[in-house]
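Structural overview
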Amino acid sequence: MSLRTHRTQQERSELTREALLEATIACLVELGYARTTVQEICARAGVSRGAQQHHFTTKAELMTAALEHLFSRMTSQLRAAAAALPPGRARVTAGIDMLWESYSGTLSTAAMELWVAARTDPELREALTPVDRALGHATLELYRDASGLSVPDAELETYMLLSVHLVRGLALDAMIGGGAERRSKLLDEWKSAILDRYAAATDSAR
């Protein structure tokens, strides 16, 4: 039996799309949005402008798809990390560490570059809004599952949502040169607060 050595047209198309998305993310992280051009993205991806326009007709569409691509990858990593978290109280605090690790990396940098640009770019803002909301919703769902509570607690869920916004804000702080020691202290303080709420929720569920 001979091995197939040629890719199908669909496989080549998917590889081209993947290369464009990865190159877009790399450009956003390394160059920032202002210096990220479609020409640079195509050069890094090894793709012609014609091939790029076949997949993404506008720059905003390409940027949004890149964020969706990164979001999908990070969500998969979050799910895997959540499944490995320890039970009980340690699960809640480890969940915050998990959020921080995810949001302080490439996802945060790329997303922040796009959101700053979207402030004055209506087309980009319109494209990014549903993606950003989906990311926040999925993260909250993962953290809710990680809590291990069989009965939902409204106040604790508010704390969880605040956790998502806290780590996003701290990620911005890190990007502009804020002190790591101060961020660590804030995260520790927040862990103490959310553990108190978790204990109360656990007691009421018994």
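Further up the page is the structure itself.
Here we summarise the structure given alongside this text. Keep in mind the model is a prediction, meaning the values are calculated, not measured. (Residues numbered from 1 in each chain as written. Predicted model: local features only at pLDDT ≥ 70, side-chain atom pairs only at ≥ 80, totals over all residues. Heavy atoms only, no water.)

**What to know about the nonpolar core**
What counts here: Residues belong to a common nonpolar core when they are buried Ala, Val, Leu, Ile, Met, Phe, Trp, Tyr or Cys residues joined through side-chain atoms within 4.5 Å. Buried means the residue's accessible area, taken with a 1.4 Å probe over protein chains only, is under 20% of the maximum for its type, while exposed means over 50%, and partly exposed covers the values in between. Numbering of helices and strands runs from the N terminus; a helix is a DSSP stretch of H or I covering at least four residues, while a strand is a stretch of E covering at least two. Note on contacts: a residue pair is in contact if any heavy atoms of the two residues lie within 4.5 Å.
Counting 51 residues, the largest nonpolar core has Leu 20, Tyr 33, Ile 41, Met 63, Leu 67, Leu 114 and Leu 124 as its most contacted members. Counting residues per element, the ones that place at least two in this core are helix H1 (9-31), helix H2 (38-45), helix H4 (59-83), helix H5 (89-103), helix H6 (106-118), helix H7 (122-147), helix H8 (154-175) and helix H9 (180-205). When residues in this core are grouped by element, the largest group, nine residues, is from H4. Not counting chain neighbours up to four residues away, the residues in contact with Tyr 33 comprise Leu 28, Lys 59, Met 63, Glu 113, Leu 114, Ala 117, Asp 121 and Leu 124.

**A short note on the side chain of Asp 173**
Tracing the sequence through the fold places Asp 173 in helix H8. Since its relative accessible area comes to 14%, Asp 173 is described here as buried. Residues within four places of Asp 173 in sequence aside, it is in contact with Gly 178, Gly 179, Arg 182 and Arg 183.

**Things to note about the environment of Leu 128**
By the element assignment, Leu 128 lies in helix H7. On the basis of relative accessible area, Leu 128 is assigned to the buried category, the value being 0%. Remark: the alpha-carbon pair of Leu 128 and Ala 65, spanning 63 residues in sequence, is separated by 9.1 Å.

Function cannot be inferred from these measures alone, as they are strictly geometric.
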